[in-house]
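Chain and residue survey
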Amino acid sequence: GVVYKVMMATLVVEVKKLTYGVTKDPEAQFSTWSKAVETLVVMTTSLKMWCNRSLLSAVLKHCRHFIDHFVRHGMPLVERLFRKKRIGCVDLIKNLQMATRFLQTICSHSKISQDVSLANNVPLLKKSLEVLVFRVKAMLAANDCLDAFVLGNLKNRDLQGEEILSQASIEEDDEGEEGEEEEAAESDVDLGGEDESEEHELAEGDSAMSIEV
């Protein structure tokens, strides 16, 4: 547990050394960001197999700082390179989304378990995730790709990936549209929907941004 928290903190420290600037080598920075995102994905999704309250709290805290810094310094880089290496930029965001989806799952877990220590980290993290979503949308709009931006939904899942029926979903069966008003929306970026199961997953649950580029 201690090693994991140190590694996560170190990842954030190293990422914060990446600052966007027009005079800096964009290709080198893009490569570094890609490796950093891959590391973040491994660090976060590994918690599907083993985790505890302390690790979940650490990942919520440190991932927020990672995402905030990516929005401030990573997104300007992606925006700059988008026309030149569109596929690479999309792949970077798609990889980051693997982590953000699981972060949404941890947020749901915190709410369902009513764990105050975890829940205290959720509002700021959700805000960071929402900023990321709309920053991606703005980038697509600036590159005349806004038609690829689709509002979809994600299923609520537990830490092991199993679907969770929220209270609102249960009530919806009996009360119709009233249940929809009960369910809280979560922001997420979805770059894909490459198969029918994923497309179906975007049909119910929390709100998400689906982008086909």
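Residues numbered from 1 in each chain as written. Predicted model: local features only at pLDDT ≥ 70, side-chain atom pairs only at ≥ 80, totals over all residues. Heavy atoms only, no water.

Regarding the overall build of the protein
When helices and strands are counted, the protein shows 9 helices and 3 strands. In the protein, the succession of α and β elements from N to C terminus is α-α-α-α-α-α-β-α-α-β-α-β. Looking at the protein as a whole, 46% of its 213 residues are labelled buried. For the protein, long-range pairs separated by at least 24 residues make up 74% of all intrachain contacts whose partners lie at least 6 apart in sequence. (Helix = DSSP H or I, 4+ residues; strand = E, 2+ residues; numbered from the N terminus. Buried < 20%, exposed > 50% of the residue type's maximum accessible area, 1.4 Å probe, protein only. Contact = heavy atoms within 4.5 Å.)

Some details on the pattern of salt bridges
As enumerated under the stated definition, the model contains 5 salt bridges in all. For Lys84, the salt bridge goes to Glu27, with nearest N and O atoms at 3.4 Å. Taken together, the residues Lys84 in the loop between helix 3 (53-81) and helix 4 (86-113) and Glu27 in helix 2 (residues 26-45) connect sequence positions 57 residues apart. Under the relative-accessibility criterion, Lys84 is labelled exposed at 65%. (Salt bridge = Lys/Arg side-chain N within 4 Å of Asp/Glu carboxyl O.)

With respect to the packing of helix 2 against helix 4
The N-to-C vectors of helix 2 and helix 4 enclose an angle of 25°; their axes lie 9 Å apart at closest approach. Put simply, helix 2 runs roughly parallel to helix 4. In this structure, the crossing between helix 2 and helix 4 has a hand that is left-handed. Side by side, helix 2 and helix 4 meet where Phe30, Trp33, Ser34, Val37, Leu40, Val41, Thr44 and Thr45 of the first sit next to Gly88, Cys89, Leu92, Asn95, Leu96, Met98, Ala99 and Phe102 of the second. A class-by-class count of the residues in the contact of helix 2 with helix 4 yields 11 nonpolar, 5 polar and no charged. (Axes fitted to C-alpha atoms, helices over the stretch in contact; angles between N-to-C directions. Parallel < 35°, antiparallel > 145°, perpendicular 65-115°, else oblique. Left-handed = near helix turned anticlockwise from the far one by under 90°. Nonpolar A, V, L, I, M, F, W, Y, C, P; charged D, E, K, R; others polar.)

Quick look at the environment of Cys63
When you line up the elements, Cys63 lands in helix 3. By relative accessible area, which is 0% here, Cys63 ends up buried. Sequence-distant contacts of Cys63, defined by excluding residues within four places in its chain, comprise Met8, Leu40, Thr44 and Leu103.

A short note on helix 4
Taking 1.5 Å as the rise per residue, helix 4 with 28 residues should run 40 Å; its terminal C-alpha atoms sit 40 Å apart, in good agreement. Looking one or two residues past helix 4, Gln114 carries a phi angle of roughly 55°, positive in sign. (Expected span 1.5 Å × (residues − 1).)

Points about the environment of Phe82
With respect to the helices and strands, the residue Phe82 is situated in the loop between helix 3 and helix 4. By relative accessible area, which is 2% here, Phe82 ends up buried. Expressed as a C-alpha distance, the spacing of Phe82 and Asn143, which sit 61 residues apart in the sequence, is 8.0 Å.

Some points on helix 1 (residues 2-15)
Note that an α-helix has 3.6 residues per turn; residues three or four places apart therefore point the same way. Its 14 residues place the ends of helix 1 20 Å apart at the C-alpha level, agreeing with the 20 Å of an ideal helix rising 1.5 Å per residue. Taken together, the buried positions of helix 1 are Tyr4, Met8, Leu11, Val12 and Val15. Buried positions in helix 1, seen along its axis, are confined to an arc of 95° and lie on one side of it. When the buried face of helix 1 is taken as reference, the exposed residues oriented beyond 90 degrees from it are Val2 and Val3. Elements in contact with the buried residues of helix 1: helix 2 and helix 3. (Arc of directions from axis to C-beta.)

Digging into the packing of helix 3 against helix 4
As a packed pair, helix 3 and helix 4 sit with axes 11 Å apart at the nearest point and diverge in direction by 155°. Taken together, the axes of helix 3 and helix 4 are roughly antiparallel relative to one another. Crossing handedness for the pair helix 3 and helix 4: left-handed. In this structure, helix 3 uses Leu56, Val59, Leu60, Cys63, Phe66, Ile67, Phe70, Met75, Val78 and Leu81 to contact helix 4, whose residues at the interface are Arg86, Cys89, Leu92, Ile93, Leu96, Thr100, Leu103, Ile106, Cys107, His109 and Ser110.

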